[in-house]
Amino acid sequence: MIDRHTVAFVSGANRGLGAQLVARLLARGAGRVYAASRTGHTEFDDARVIPVTLDITDDDSVAHAARIAADTTLLVNNAGINRQSGILAQHAMDDARAEMDVNYFGTWRMVRAFAPSLIEGKGAIINVLSILARVSLPSMGSLCASKAAGLRLTECLRAELMPHGVSVFAALPGAIDTDMSRGFDGAKLDPAATADAALDALTGELYEVYIGSMAQELAHGLALERAATQAQLLSTS
Ligand SMILES: NC(=O)c1ccc[n+]([C@@H]2O[C@H](COP(=O)([O-])OP(=O)(O)OC[C@H]3O[C@@H](n4cnc5c(N)ncnc54)[C@H](OP(=O)(O)O)[C@@H]3O)[C@@H](O)[C@H]2O)c1
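Residues numbered from 1 in each chain as written. Predicted model: local features only at pLDDT ≥ 70, side-chain atom pairs only at ≥ 80, totals over all residues. Heavy atoms only, no water.

Trainee: Looking at this structure, how should I read the pattern of salt bridges?
Mentor: Side chains that differ in sign of charge can pair as their charged atoms come close. Counted under the stated rule, the structure contains 11 salt bridges. One salt bridge connects Arg15 with Asp179, and the closest N-O pair in it is separated by 2.9 Å. Residue Arg15 is found in the loop between β1 (7-10) and α1 (16-27), and its partner Asp179 is found in the loop between β6 (167-173) and α5 (191-200); the two are separated by 164 residues along the sequence. Judged by relative accessible area, Asp179 falls into the partly exposed class, the value being 39%. The salt bridge partner of Glu155 is Arg152, with a shortest N-O separation of 2.7 Å. Taken together, the residues span about one helical turn, with Glu155 and Arg152 both in helix α4 (residues 141-161) at a distance of three residues. You can call Glu155 partly exposed: its relative accessible area is 27%. On the basis of relative accessible area, Arg152 is assigned to the partly exposed category, the value being 49%. Look at the salt bridges and you will find they share partners, linking Arg24, Arg28, Asp196 and Asp200 into a network. (Salt bridge = Lys/Arg side-chain N within 4 Å of Asp/Glu carboxyl O. Helix = DSSP H or I, 4+ residues; strand = E, 2+ residues; numbered from the N terminus. Buried < 20%, exposed > 50% of the residue type's maximum accessible area, 1.4 Å probe, protein only.)

Trainee: Could you clarify how one ought to interpret the pairing of strand β2 (residues 32-37) in this entry?
Mentor: Every regular strand shows the same layout, with side chains that alternate between the two sheet faces. With five of six residues buried, β2 is to be regarded as a mostly interior element. Bridge analysis of β1 against β2 gives four bridges, and the strand direction is parallel. Along β2, the bridge assignment pairs Phe9 with Tyr34. Since β1 and β2 lie parallel, the crossover through α1 that links them has a hand, and here it is right-handed. (Pairing = 2+ DSSP bridges. Right-handed = clockwise from strand over helix to strand, strands pointing away.)

Trainee: Looking at this model, I keep getting lost on unusual backbone geometry. Mind explaining?
Mentor: Negative phi characterises most residues that are not glycine, and trans characterises most peptide bonds. Even without a glycine there, the phi angle at Gln84 is positive, about 50 degrees. You can see Gln84 is positioned in the loop between β4 (74-77) and α3 (92-120). Look at Lys122: it is not a glycine, yet its phi comes out positive at around 45 degrees. Topologically, Lys122 is positioned in the loop between α3 and β5 (124-128). On the basis of relative accessible area, Lys122 is assigned to the exposed category, the value being 57%.

Trainee: Explain the packing of aromatic side chains here, please?
Mentor: What describes a pair of aromatic rings is the distance from one ring centre to the other and the angle between the planes of the rings. Taken as a whole and judged by the stated rule, the model has six aromatic pairs. The interplanar angle of 35 degrees and the centroid separation of 6.1 Å between the aromatic rings of Phe9 and Tyr34 together place this pair among those described as tilted. Of the two residues, Phe9 is situated in strand β1 and Tyr34 in strand β2; the sequence distance between them amounts to 25 residues. Across the pair, Tyr34 and Phe9 agree in class, each one buried. (Phe/Tyr/Trp six-rings, centres within 6.5 Å; stacked < 30°, edge-to-face > 60°.)

Trainee: What exactly am I supposed to notice about the pairing of strand β7 (residues 208-211) here?
Mentor: For β6 and β7, the ladder comprises four bridges, and the chain directions are parallel. Looking across to β7, one finds that Pro173 is bridged to Ile211. Handedness of the β6-α5-β7 crossover: left-handed.

Trainee: Explanation requested: the packing of helix α2 (residues 59-68) against α3 in the structure shown.
Mentor: The geometry of a pair of packed helices is captured by two quantities: the angle between their axes and the separation between those axes. Here α2 crosses α3 at 35 degrees, and the two axes come no closer than 9 Å. Crossing of α2 over α3 shows right-handed handedness. Residue-level contacts link Asp59, Val62, Ala65 and Ala66 of α2 to Arg109, Met110, Ala113 and Phe114 of α3. For the contact of α2 with α3, the class distribution of residues is six nonpolar, no polar and two charged. (Axes fitted to C-alpha atoms, helices over the stretch in contact; angles between N-to-C directions. Left-handed = near helix turned anticlockwise from the far one by under 90°. Contact = heavy atoms within 4.5 Å. Nonpolar A, V, L, I, M, F, W, Y, C, P; charged D, E, K, R; others polar.)

The following block contains the structure:
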């Protein structure tokens, strides 16, 4: 539920999905939105928007942001990178380290820094992952691994924070029409609709939200396979 009491913090808020998350939070009546970006600038002309400078790979930057935004009740970990690198590509190890540093350790750093505020406000976290947390695309193998790590992180975090009254959600979209997927020719999700679907998680019944038909069909297929595997196991025991 988003209302005037909601104090949201969005990373990577300067463009792409992050900018739409800020826009949709404002449209839904959030009382304050910290719009964090590496430059510290925001295009939003709204008194409720507070620009914050943030690099999620930097301990000091994250600690500073958490101090400024100590009243945060909804943390949206949206910042991410995709080096579009296969496992055997020439610079694959460097790309993989960079992706893990932002997508996995960066998110981890953020939740550790914001946990005290979120616990105090009995708030919520939305981690923006990807359907590629559940399946592998060889042309971006290390990205998939970093998002899969992000999913495990989200699950562990949910278990740790739920007893403190903090809900932790994972948003798993398919391809979105942003800079990140510029080279992808297939169908892409509208960033504003994706932002809305991610925020809807707060009032839904699921902690893992698959966004768009591609992500939903893949998740359905994975669930069926799991059910079939389980059924097979039962029939032989
Ligand atoms: N686009 C897709 O097809 C797609 C699909 C599934 C999931 N996602 C996920 O959706 C999220 C948003 O991606 P997008 O599509 O909006 O991509 P985008 O347009 O490339 O935006 C990425 C954002 O992350 C920020 N960022 C990158 N590294 C950062 C760091 N170290 N510290 C702070 N901010 C950093 C960028 O800041 P700068 O402007 O300073 O670079 C930018 O604001 C990501 O987590 C992505 O993995 C995207």
